[in-house]
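Fold and geometry: a report
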Amino acid sequence: MDAKLSKYCKDVGALELKRLVEEKLSKISPTMEYVRNLILDVKLLLRILLDDEFELKEEARRDFTCALLYFVETKDSIPDKIPLIGLWDDYKVVRFVKEKHKEEIKRYFESTPHFMANYF
């Protein structure tokens, strides 16, 4: 999975990444449970990346960025336009990164007061 992820890595500024992710999110209808979970996970990774007060480890920062870039790419392993399954690969990639860095995400939750109020 790391090899698949690395193909989509590139240098991108935080504001540009935010714009790309928000643009992609605006085009997705949360019709299936896995898509709703994908949307929440993408928002979580983006929020952690953009939080200037949190010292995110460099490996996690790179992987979060790459996973979000994979998410915004429409012509990835399974093209997003394919009904029902087009976002499945995006879901698996984002979940892989989330699981890989679960301790870093846990540390974020522990250090960020009132996180849920600002999640959505």
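Everything here concerns the structure above.
Residues numbered from 1 in each chain as written. Predicted model: local features only at pLDDT ≥ 70, side-chain atom pairs only at ≥ 80, totals over all residues. Heavy atoms only, no water.

**Some remarks on the overall build of the protein**
From N to C terminus, the protein includes six helices and zero strands. At 14 Å, the protein has a C-alpha radius of gyration in line with the 14 Å of a compact globule built from 120 residues. Along the first, second and third principal axes, the C-alpha atoms of the protein reach 40 × 30 × 25 Å. By the burial criterion, 40% of the 120 residues in the protein qualify as buried. Of the contacts formed within the protein by residues at least 6 apart in sequence, a portion of 71% connects residues at least 24 apart. With the model as given, the accessible surface of the protein reaches about 7,300 Å², and the carbon-plus-sulfur share is 54%. Positive and negative side-chain charges of the protein, numbering 22 and 23 respectively, have mean locations separated by a distance of 4 Å. (Helix = DSSP H or I, 4+ residues; strand = E, 2+ residues; numbered from the N terminus. Rg over C-alpha atoms; globule rule 2.2 N^0.38 Å. Buried < 20%, exposed > 50% of the residue type's maximum accessible area, 1.4 Å probe, protein only. Contact = heavy atoms within 4.5 Å. Areas by Shrake-Rupley, 256 points an atom, 1.4 Å probe, with all protein chains shown as cover. Lys, Arg positive; Asp, Glu negative; His and termini not counted. Charge placed at Lys NZ, Arg CZ, Asp CG, Glu CD.)

**So, the packing of aromatic side chains**
Tallying each qualifying case throughout the model produces five aromatic pairs. Between F54 and Y108, the aromatic rings sit 4.8 Å apart at their centres with planes inclined by 80°, giving edge-to-face as the arrangement. Placement of F54 in the loop between α3 (33–50) and α4 (58–72) and of Y108 in helix α6 (residues 102–111) is noted, with a sequence separation of 54 residues between them. Residue F54 is classed as buried on the basis of its relative accessible area of 6%. Here the aromatic rings of W88 and Y91 are separated by 5.1 Å at their centres, their planes lie at 35°, and the arrangement is tilted. Here W88 and its partner Y91 are both found in helix α5 (residues 88–100), three residues apart, which amounts to about one turn of the helix. The class of W88 is partly exposed, set by a relative accessible area of 37%. (Phe/Tyr/Trp six-rings, centres within 6.5 Å; stacked < 30°, edge-to-face > 60°.)

**Topic: the state of the cysteines**
The tally for this structure, following the rule as stated, stands at one disulfide. Disulfide partner of C9: C66, at an S-S distance of 1.7 Å. Across the S-S bond of C9 and C66 the torsion is about 125°, and the bridge reads as right-handed. In this pair, C9 is assigned in the loop between α1 (2–6) and α2 (14–25) and C66 in helix α4, connecting sequence segments 57 residues apart. (Disulfide = S-S within 2.5 Å.)

No statement about biological role is implied by the geometric values presented.
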